[in-house]
Number of protein chains: 2
Amino acid sequence: MSYVPPASRPRVVIIGCGFGGLEAAKALRGAAVDVTLVDKTNHHLFQPLLYQVATAGLSAPAIAAPIRHLFRQQGNVRTLLGEVTTIDALSRRVLLRDGTALPWDHLIVAAGATHSYFGRDDWATYAPGLKTLDDAFEIRRRILLAFEAAENEPDDTRRDAWLTFVVVGGGPTGVEMAGTLAEIARHTLPGEFRRIDPASARIILLEGGPRVLQAMPETLSRRAREQLERLGVQVRLNARVTAIDSGGLTVESASSPHGADLTRYQIHSKCMVWAAGVAASPLGLQLAAATGCETDRAGRVRVQPDLSLAGHPGVSVIGDLAAAMSHAPGREPTPVPGVSPGAKQMGRAVAANLLRRLAGQPTRPFRYRDYGNLATIGRNSAVVDLASPMGPVRFSGYFAWLFWLFAHVYFLIGFRNRLVVLMDWAWAYWSFARYARVVTGGARGSAPTPSEPAA
Amino acid sequence: MSYVPPASRPRVVIIGCGFGGLEAAKALRGAAVDVTLVDKTNHHLFQPLLYQVATAGLSAPAIAAPIRHLFRQQGNVRTLLGEVTTIDALSRRVLLRDGTALPWDHLIVAAGATHSYFGRDDWATYAPGLKTLDDAFEIRRRILLAFEAAENEPDDTRRDAWLTFVVVGGGPTGVEMAGTLAEIARHTLPGEFRRIDPASARIILLEGGPRVLQAMPETLSRRAREQLERLGVQVRLNARVTAIDSGGLTVESASSPHGADLTRYQIHSKCMVWAAGVAASPLGLQLAAATGCETDRAGRVRVQPDLSLAGHPGVSVIGDLAAAMSHAPGREPTPVPGVSPGAKQMGRAVAANLLRRLAGQPTRPFRYRDYGNLATIGRNSAVVDLASPMGPVRFSGYFAWLFWLFAHVYFLIGFRNRLVVLMDWAWAYWSFARYARVVTGGARGSAPTPSEPAA
């Protein structure tokens, strides 16, 4: 069942409405093309704040915008809810799970990334990652239920396991999760329990490399670590996870990346969050096989300087799915980091190149403008690393946190969402409350619940 | 594993933190008792606005308050997340699913009600009810996905089924759901789809009796029906459901309650909501068996005038689980309706009677103060029936709607929640938007999804 558009304008199919797909579709406003934007959810997700939903600080609708609503006034875009199973480069069609076929003249693949467990996908049940709203709800459930289970648990050892929280991965997501968990334990929940003291919970952040926030300068990594430790997070560097089960993890660690003093130990925990590895969507491998293109070790598709595929000028790949390089004149190409601004810029660039192709003009290589990096650790605490014409601007602490706060609100979609998030944060700041402390739903897979005997 | 409180003050166990359990616990503030408040969720739910979550108008946290947070400053209350499986009247213990036993000297059972499918529990999969947040999320998913599926569906008959929404039950919940569904179809979604016209959706409200809102005066029932029909809802009275499956329902209907002109017909629908029957929590039957007390046909436990059980002065039942009578001096006892004010007043009354018992004083019979009834149909449209010293005050239309709006916001728990809901409604009023249009999660049971071939 194909949808044949009324006129024979070039048909553009965009797979995925994350930052990349959204910007590409927006940039085609008014162009003489027919765009079909397909996503397997009905919403565009503001992922940088997903950890706030996971830690009960924001409600899901505050960071999710219905795609159909966003494009209601862009007449050349139709939005579809569907899951792409196959990209057919020969007959130039995209196949959806329900059997629908979407023919294309130009294809923009922006399907994003998912978690990588370094080959151990069985770990996903015990240590969920944080990529979708469903992930956030599951993590939120486990966090809130862990404290409930601890309150009910008479056995000391088991109670300690319920009050031990482990975050694996010291990038921005891991740092933000660990810092926020510490806030919940130390500031939000104390006083609400009768048998346990939530402030006694252990929050452990495991990072396999020598520092947290490795994409940022060393001084800021160090500040972030200090701030985490001041919040009571145990930061363990050069620590790699070798096993995970329902009772906890096994960690191998050394005092330095290649240290000979390797130790192995167990952490008993009932609530573990995975923020350690990113792998490209499986569509990447399928697309590479279909087009004869290469992927890197994480499954990201190698693209030409103009973000198209070698030998397939009608197909472009952007965002976390692409292994893309930034080409600035007179300099060596540098890899584009897997961050939101990168995806957004690639989205706009690929739309511009598509229009150039249609006009018979040469395409331009993609150039990434790195405006800087931010990560927050908790209340009053963030690190900011900005590029400026005068050189890098780096600061941390309270003003960095204010900057982080306003930057994130600014980029939210929709005035109402900005107001809601600002309001939630203002209230939470003054009261330490977290306003989305709702536990719903049943256990996923074999996730432990308080009603099961502790394993 | 029992929890033994440090002193030997009377131990009160309250099962359920709906309106009844919440008010009972609050009314025991400062009393020389040790209260254990147990609920199978972690939140107190403002049920009158649950239909707003189900229709993507409000986020869940706006109407859910964490129980632990509510009682953090009431020292004689400890809150527990747990599911009660058995009430043991002999040894005076409540047993939870995880094996915990809670001993009590006084027991207040406020476990509430659930859906009744009149013996056909298999209908629940096809036509979910609306009692919990999980119910609301599931209904919201089905509503949003129905429009998505219709957009993708090339077959006319199947598309019509996706665009036919049926609400079973003409009480306040059913009327509110039907009116809101019509608003979504006629006002929120038009313009966002390319192949379907959401405004062409059929919204059908089925009521087995001769009028909607049977608890309200006839004039207001008639106004409500007029307002529904003006919104484009097809209201079918004297229409009873005799079969439901994944493709729709079978309805038997007559022109009057006992009319001989009985007809039977099918409605093909992929999105059906059940708001037709309420049954008491199964704990009611278990409690009745354990104490030798009677239940009514809906499973509600018959209580004494002071809300305790005959022969068991230490056990009281309140809220939707109780078949309670209101005793006003000099008048015949009247049944207490299953509405929120009823549950709240019973909660306060049972706490007061408990304290009287502890002080050796006689208990008092419960007297329900009926302040009136409200139901909203949609924008600018509600019916209000108030009791006043000057007699009943009845009005409908725009001012009734304003009254309804402010009354509901007033009774929400928490200043922030009131602000959020007011703000959401203010925005939505001006823009017809619905701000919680998030589809997450997978299909429950055998619920149809757009990716399955239409049955």
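Conventions adopted
Residues numbered from 1 in each chain as written. Chains lettered and ligands numbered in written order. Predicted model: local features only at pLDDT ≥ 70, side-chain atom pairs only at ≥ 80, totals over all residues. Heavy atoms only, no water. Contact = heavy atoms within 4.5 Å. Buried area = accessible area lost by both parts, 1.4 Å probe. Salt bridge = Lys/Arg side-chain N within 4 Å of Asp/Glu carboxyl O. Helix = DSSP H or I, 4+ residues; strand = E, 2+ residues; numbered from the N terminus. Nonpolar A, V, L, I, M, F, W, Y, C, P; charged D, E, K, R; others polar. Least-squares fit on C-alpha atoms with pLDDT ≥ 70 in both. Phe/Tyr/Trp six-rings, centres within 6.5 Å; stacked < 30°, edge-to-face > 60°. Lys NZ or Arg CZ within 6 Å of the ring centre and 35° of its normal. Pairing = 2+ DSSP bridges. Axes fitted to C-alpha atoms, helices over the stretch in contact; angles between N-to-C directions. Buried < 20%, exposed > 50% of the residue type's maximum accessible area, 1.4 Å probe, protein only. pLDDT = per-residue confidence, 0-100. Polar contact = N/O pair within 3.5 Å; in protein donor to acceptor, adjacent residues only side chain to side chain. Arc of directions from axis to C-beta.

### Some remarks on the interface of chain B and chain A
By a widely used convention, the size of an interface equals the accessible area lost when the partners come together. Contacts between the two partners involve 49 residues from chain B, matched on the other side by 49 residues from chain A. Taking both partners together, chain B and chain A bury about 4600 Å²; carbon and sulfur atoms supply 59% of that area. Ranking the residues of chain B by area buried against chain A places Arg68, Arg194 and Arg416 of chain B at the top, with a combined share of 16%. Viewed at the interface, chain A and chain B are joined by four salt bridges. Ionic pairing is found between Glu148 of chain A and Arg68 of chain B, a salt bridge with its closest N-O pair at 2.8 Å. Contributing elements (two or more residues each) for the side of chain B that touches chain A: strand S4 (64-66), helix H3 (67-70), strand S5 (77-81), helix H4 (133-152) and helix H11 (415-431) of chain B. Considering each element in turn, the side of chain B that touches chain A owes the most residues, eight residues, to H4 of chain B. Among the residues forming the side of chain B that touches chain A, the class breakdown is 25 nonpolar, 11 polar and 13 charged.

### Focus: the relation of the copies chain B and chain A
You can overlay chain B on chain A at an RMSD of 0.0 Å; the transform is a turn of 180 degrees with a shift of 0.0 Å along its axis. When the rotation and shift are considered jointly, the pair of chain copies conforms to a two-fold rotation axis. Closest to the rotation axis within chain B is the C-alpha of Ser59 of chain B, separated from it by 3.3 Å. When the interface residues of chain B are mapped onto chain A, 100% of them are again interface residues, pointing to one common binding face.

### Some points on the packing of aromatic side chains
This model, assessed by the stated rule, comprises 22 aromatic pairs over all chains. The rings of Tyr117, Phe118, Trp123 and Trp274 of chain A are connected pair by pair, giving a single aromatic cluster. In this arrangement the basic side chain of Lys270 of chain B is found over the ring face of Trp162 of chain B, its NZ or CZ atom lying 5.4 Å from the centre.

### Some details on the sheet that holds strand S26 (residues 381-386) of chain A
Residue and element names in this part refer to chain A. On the basis of which strands lie adjacent, the open sheet formed by three strands has the order S25-S26-S27 and antiparallel pairing. A strand with exactly one partner marks an edge of an open sheet, and here the two such strands are strand S25 (372-378) and strand S27 (393-397). For this sheet, the mean inter-axis angle between neighbouring strands, taken without regard to orientation, is 5 degrees. Taken together, the five bridges between S26 and S27 define a ladder with antiparallel strand orientation. Each bridged residue has a counterpart across the sheet, and for Ala382 the counterpart in S27 is Gly397. Contacts between helix H10 (residues 398-411) and the sheet are confined to S25, S26 and S27, with S27 contributing the most and set at about 105 degrees to the helix.

### Some thoughts on the environment of Arg140 of chain A
Residue and element names in this part refer to chain A. Among the secondary structure elements, Arg140 is positioned in helix H4 (residues 133-152). Accessibility expressed as a relative area gives 6% for Arg140, which makes it buried. For the pair formed by Arg140 and Val439, sequence separation is 299 residues and the distance between their alpha carbons is 7.4 Å. Residues contacting Arg140, with those up to four places away along its chain left out, are Val53, Ala54, Ala56, Leu58, Ala436 and Val438.

### A short note on the confidence of the model for chain A
All names here are of chain A. Model confidence for chain A is summarised by a mean pLDDT of 90, while 95% of its residues fall at 70 or above. Residue range residues 443-455 is modelled with pLDDT below 50. Its contacts to residues more than four positions away, or to other chains, number 27 contacts. For this predicted complex, the interface score ipTM comes out at 0.83, while the overall pTM is 0.88.

### Examining the pairing of strand S14 (residues 239-245) of chain A
Residue and element names in this part refer to chain A. As paired strands, S14 and strand S15 (residues 248-253) are joined by six bridges and run antiparallel to one another. Paired with Arg240 across the two strands is Glu252, which belongs to S15. What sits between the antiparallel neighbours S14 and S15 is a turn of two residues.

### Some thoughts on the sheet that holds strand S7 (residues 93-96) of chain A
Residue and element names in this part refer to chain A. As summarised here, the arrangement of the three strands in space is S6-S7-S8, forming an open sheet in which the pairing is antiparallel. Only two strands of the sheet have a single partner each, and these edge strands are strand S6 (84-88) and strand S8 (101-103). In this sheet, neighbouring strand axes are inclined to one another by 20 degrees on average, regardless of whether the strands run parallel or antiparallel. Pairing analysis gives three bridges linking S7 to S8, with the strands arranged antiparallel.

### What about the side chain of Ser381 of chain B?
All names here are of chain B. Examined against the element boundaries, Ser381 turns out to sit in strand S26 (residues 381-386). Engagement of the side chain of Ser381 in a polar contact is seen with the side chain of Gln227, the distance being 2.8 Å. Excluding anything up to four places from it in sequence, Ser381 contacts Gln227, Thr376, Gly397 and Trp401.

### Some words on helix H8 (residues 283-291) of chain A
Residues and elements named next belong to chain A. Listed as buried for H8 are Leu283, Gly284, Leu287, Ala288 and Thr291. Within H8, the buried residues cover an arc of 135 degrees as seen down the axis, which keeps them to one side. Within H8, the exposed residues directed more than 90 degrees away from the buried face are Leu285 and Ala289. Residues of H8 that are buried make contact with strand S1 (11-15), S6, strand S9 (106-109), strand S19 (301-302), strand S20 (308-309) and strand S21 (312-317). One or two positions beyond H8, positive phi appears at Gly292, with a value near 75 degrees.

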